[in-house]
Amino acid sequence: MSSRQLAPKMSQRKERRMFSTSDDSAMTKQVQATHAPDGREIDVKPILQIVDEILLRFIARTVEGYEVKRDQDALEMTAALAEFDMLDSLAYIINKISCELSCKCSGGGDAHSSTMVLLGYMSSYAWHAKVVLTLAAFAVIFGEFWLVAQLSAENTLAKSVALLKQLPDIAENFMSLKPHFEALIRLVKAAMDVTTCIVEFKELPSEYISEDTPPMSVASTHIPIASYWVIRSIVACASQIASLIGTRNESISSTTEAWELSSLAHKVTSIHEHLKSQLVLCYQYIDDKRHIEAFHNLIRLFETVHIDNMKIVRALIYAKDDILPLVDGTTKSRVSLEVLRRKHVLLLISDLDLSQEEILVLDNLYKDARARGDTHYEMVWIPVVDKGIWNEVNKQKFEYLQSLMPWYSVCDPFIIEPSAVKYIKEVWNFSKTAILVALDPQGRLSSPNAVHMIWIWGNLAFPFTSEKEESLWKQEIWSLELLVDGIDPTVLEWMADGKLVCLYGGEDLEWIEKFTATALSVAKAGKFQLEMAYVGKSNAKERMQKMIKTFTTRKFSYFWPNVTSIWFFWTRLESMLYSKLQQGRTVENDEIMSEVMTVLSFDGSDRGWAIFCMGATEMARAKGDSAIKCLQDFEKWGPRIEEDGVVKAMNDYLNQNKPPHHCNRLILPGSTGGIPQKVVCAECGRQMEKYFMYRCCVE
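Heads up: these notes are all about the structure in this document. (Residues numbered from 1 in each chain as written. Predicted model: local features only at pLDDT ≥ 70, side-chain atom pairs only at ≥ 80, totals over all residues. Heavy atoms only, no water.)

## With respect to the packing of aromatic side chains
Reasoning step 1: Enumeration according to the criterion identifies 31 aromatic pairs in this entry.
Reasoning step 2: Centre to centre, the rings of Tyr 366 and Trp 407 are 5.7 Å apart; their planes meet at 80°, and the pair counts as edge-to-face. One end of the pair, Tyr 366, is in helix H13 (residues 356-371); the other, Trp 407, is in the loop between helix H14 (392-404) and strand E5 (408-410), and 41 residues separate them in sequence. We note that Tyr 366, like Trp 407, is buried.
Reasoning step 3: Feature note: the residues Tyr 504, Trp 511, Phe 515, Tyr 534, Phe 551, Phe 556, Phe 559 and Phe 612 constitute an aromatic cluster, connected by ring pairs.
Reasoning step 4: Residue placement shows Lys 422 over the ring face of Phe 295; its charged tip is 4.9 Å from the ring centre. (Phe/Tyr/Trp six-rings, centres within 6.5 Å; stacked < 30°, edge-to-face > 60°. Helix = DSSP H or I, 4+ residues; strand = E, 2+ residues; numbered from the N terminus. Buried < 20%, exposed > 50% of the residue type's maximum accessible area, 1.4 Å probe, protein only. Lys NZ or Arg CZ within 6 Å of the ring centre and 35° of its normal.)

Following this line, the structure appears as structure tokens:
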């Protein structure tokens, strides 16, 4: 073996010893001592583009399946770089680094010493500039080597240079050279990855993250030693290229060199993974800061007077102009936010569990509003979806719900900015149950949740302000008409005809059979007209479908033949309660609220219940066994019908025969609105205790 070959071998053994015993923490002070930046700013991106063009094209030629930039991209890049003047001022330092790499590496110099010398040359530059300049210098060395080696078979000049350097014939010796190049590629790629990461840290926006912010400060402590290992890796790569000079007619041993480069590649890859994880934390921190800034901007926007609603709408839905963000539910075409300009807008905010009953009722109201000239508003569905659960099933669910809607909807749930979602959840208190946020033509908030007004009064509540809500309540009294409203005109016709109307519910078939038979028997005995309507039970969609089938077969009484009517009856009652709560009403000072809570508490029982109505306002109500017992004791209160009327006679009996032991339950959806602080028992008037209930798989 020649002395020329022996020197690199001895250097490599020394390099292995140093690499295996190196202590990054002990080395940090030595590396930091070379760092004396003078504040100069360098745009390193164009230099990195050149390095990519040189090194990544080599990788693409060597590694099968590796993608490379298209020629057109390369031409555009070259044209842009032709105007990059900073290369003139950097050419000297790049050439100086290239010379150091060529001379020291070809002479078998110590890798650590060479690295420290290079760091000394670049002491006045920032860390990201040091690694980019070193990569650029290596790209010059490697580019010259690869061009000469590749072109030597077809270019006379290249062949002459290759002969003088005694470079190996790449085509003839590819298999023996392959381990060299594969190890070189892994290390070069790892070094470029770390370099890109360091540059990304430098380019993080200082207005959102500073050097002393934990994710950034942690990374900053590791960047100097990471830069050291990038430069040291480039020294090793340059040494690998130098070792190929003079090997044209010699057998090429690759095991030792490949091991050196692979070991370095493993270390540099680990450094990259650590820096990348810190970079992810930095980006998350920046995103959070931006979202908070956008969130506070939304708050300020709602506190500002605008000439129209577009600033508000854009901030809530989509602020850019690169896409058409809405889908028109009628034409199914994409449209811009301009369709909402200076219009009353209802934002339907929900998750993907929006029920078809809700959509059906809103569909009727929306179409009715469009048909009426004095009640025109637009509606936009904004689905709030967690990215973590987004999959093909939920995508199809979103598209299905969207297809049912005649109003506008966002084209993609994730065009809604996180800041808008935060505002929706924290300011408008959206949790799970759908809400309808009403905005006026100037973007001012008419109501943070108009859903209760809409369920109670429909389009009569337009323009959905608290003043309109209060005005509508002033016109209402507790009556059969308020209870049933437009759900079923048949019931109101019974009332108009002077018949005794009985609304009853529950799902205990034994109780229902006994109650209906007894009631009809009493009506016959008392010689008064009785009409009965079954109104079911709340939050029991599937069970109500079974009950409807049972009623169809057994014909206990008149019933609502679809679950939408049953759902809407109970939803309206809950909305009445929450509407009253929002107005600060209590059971002590508001009769409607007291009666609504009574009916809702009846629904919470295991047995059935009944309300008997005569005319609009006369009502007698009882729960389960009390209702049946009252009917069975008809002979005790029946004689008073002629003098007092059926309802008053029943009420007197019920008041005189209240059960001493009873248990009433009021079950309210916890995410629909405020929970009342005080609830009075419908049987005895005492305040009920509050418990928490967690329920899954609500029908």
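## Digging into the packing of H13 against helix H22 (residues 563-582)
Reasoning step 1: The geometry of H13 relative to H22 is characterised by a closest axis approach of 10 Å and an angle of 85° between their N-to-C directions. Regarding the angle of H13 to H22, the classification is roughly perpendicular. Only Val 563, Thr 564, Trp 567 and Phe 568 of H22 make contact with H13, whose side of the interface consists of Glu 357, Glu 358, Leu 360 and Val 361.
Reasoning step 2: Residues that form the contact of H13 with H22 fall into these classes: five nonpolar, one polar and two charged. (Axes fitted to C-alpha atoms, helices over the stretch in contact; angles between N-to-C directions. Parallel < 35°, antiparallel > 145°, perpendicular 65-115°, else oblique. Contact = heavy atoms within 4.5 Å. Nonpolar A, V, L, I, M, F, W, Y, C, P; charged D, E, K, R; others polar.)

## Focus on the pairing of strand E4 (residues 378-383)
Reasoning step 1: For E4, the tally of buried residues reaches six of six residues, placing the bulk of the element in the interior.
Reasoning step 2: As paired strands, strand E3 (residues 345-350) and E4 are joined by six bridges and run parallel to one another. If you follow Leu 348 over to E4, its bridge partner there is Trp 381.
Reasoning step 3: Bridge analysis of E4 against E5 gives two bridges, and the strand direction is parallel. Paired with Trp 381 across the two strands is Ser 409, which belongs to E5.
Reasoning step 4: Once you follow E4 into H14 and on to E5, the crossover reads as right-handed. (Pairing = 2+ DSSP bridges. Right-handed = clockwise from strand over helix to strand, strands pointing away.)

## A closer look at the sheet that holds E4
Reasoning step 1: Judged by pairing direction, the sheet is mixed, and its seven strands sit side by side in the order E2-E1-E5-E4-E3-E6-E7 without closing on themselves. The sheet is open, and its two borders are formed by strand E2 (334-335) and strand E7 (445-447), each paired with just one other strand.
Reasoning step 2: Against the sheet, H14 touches strand E1 (326-327), E4 and E5, its axis set at about 170° to E4.

## A few points about the environment of Ser 403
Reasoning step 1: By the secondary structure assignment, Ser 403 is in helix H14.
Reasoning step 2: With 76 residues separating them along the chain, Ser 403 and Val 327 place their C-alpha atoms 9.9 Å apart.
Reasoning step 3: There is a polar contact of 2.5 Å between the side chain of Ser 403 and the backbone oxygen of Tyr 400. (Polar contact = N/O pair within 3.5 Å; in protein donor to acceptor, adjacent residues only side chain to side chain.)

## Regarding the nonpolar core
Soluble globular proteins: nonpolar side chains tend toward being buried together.
Reasoning step 1: The biggest cluster of nonpolar side chains holds 104 residues, and the ones touching the most others in it are Phe 464, Tyr 504, Phe 515, Leu 573 and Trp 637.
Reasoning step 2: One finds Ile 94, Ile 225, Ala 238 and Ala 258 within the second-largest nonpolar core, a separate group that totals 76 residues. (Core = buried A, V, L, I, M, F, W, Y, C linked by side-chain atoms within 4.5 Å.)

## Quick word on the side chain of Asp 363
Reasoning step 1: Structurally, Asp 363 is set in helix H13.
Reasoning step 2: Residue Asp 363 is classed as buried on the basis of its relative accessible area of 12%.
Reasoning step 3: Apart from residues no more than four positions distant in its own chain, Asp 363 is found in contact with Pro 406 and Trp 407.

## Some thoughts on the pattern of salt bridges
Reasoning step 1: Inspection of the entire model under this criterion finds 30 salt bridges.
Reasoning step 2: Across the pair Arg 314 and Asp 321 runs a salt bridge whose closest N-O atoms are separated by 3.1 Å.
Reasoning step 3: Lys 580 is the partner of Asp 590 in a salt bridge, and the nearest nitrogen-oxygen pair spans 2.9 Å. Residue Asp 590 is found in the loop between H22 and helix H23 (591-603), and its partner Lys 580 is found in helix H22; the two are separated by ten residues along the sequence. Summarising the burial analysis for this pair, Asp 590 and Lys 580 share the class buried.
Reasoning step 4: Salt bridges sharing common partners tie together Asp 351, Asp 353, Lys 397 and Lys 432. (Salt bridge = Lys/Arg side-chain N within 4 Å of Asp/Glu carboxyl O.)

## Structural notes on the sheet that holds strand E8 (residues 500-505)
In any sheet, the strands associate via hydrogen bonds between backbone groups, in a parallel or an antiparallel arrangement.
Reasoning step 1: On the basis of which strands lie adjacent, the open sheet formed by five strands has the order E10-E9-E8-E11-E12 and mixed pairing. Taken across any chain shown, the strands that pair with only one partner, and hence form the sheet edges, are strand E10 (558-559) and strand E12 (618-623).
Reasoning step 2: Here strand E11 (residues 609-614) pairs with E12 via six bridges, running antiparallel. Note on E12: the bridge partner recorded for Trp 609 is Lys 623.
Reasoning step 3: Packing against the sheet, helix H24 (residues 624-632) makes contact with E11 and E12, and its axis sits at approximately 115° to E12.

## Notes on the packing of H24 against helix H27 (residues 646-656)
Reasoning step 1: The N-to-C vectors of H24 and H27 enclose an angle of 120°; their axes lie 10 Å apart at closest approach. One element, H24, and the other, H27, form an angle in the oblique class. As for how H24 packs across H27, the hand of that crossing is right-handed. From H24, Ser 626, Lys 629, Cys 630 and Leu 631 reach across to H27, where they touch Met 650, Tyr 653 and Leu 654.
Reasoning step 2: In the contact of H24 with H27, the residues fall into five nonpolar, one polar and one charged. (Left-handed = near helix turned anticlockwise from the far one by under 90°.)

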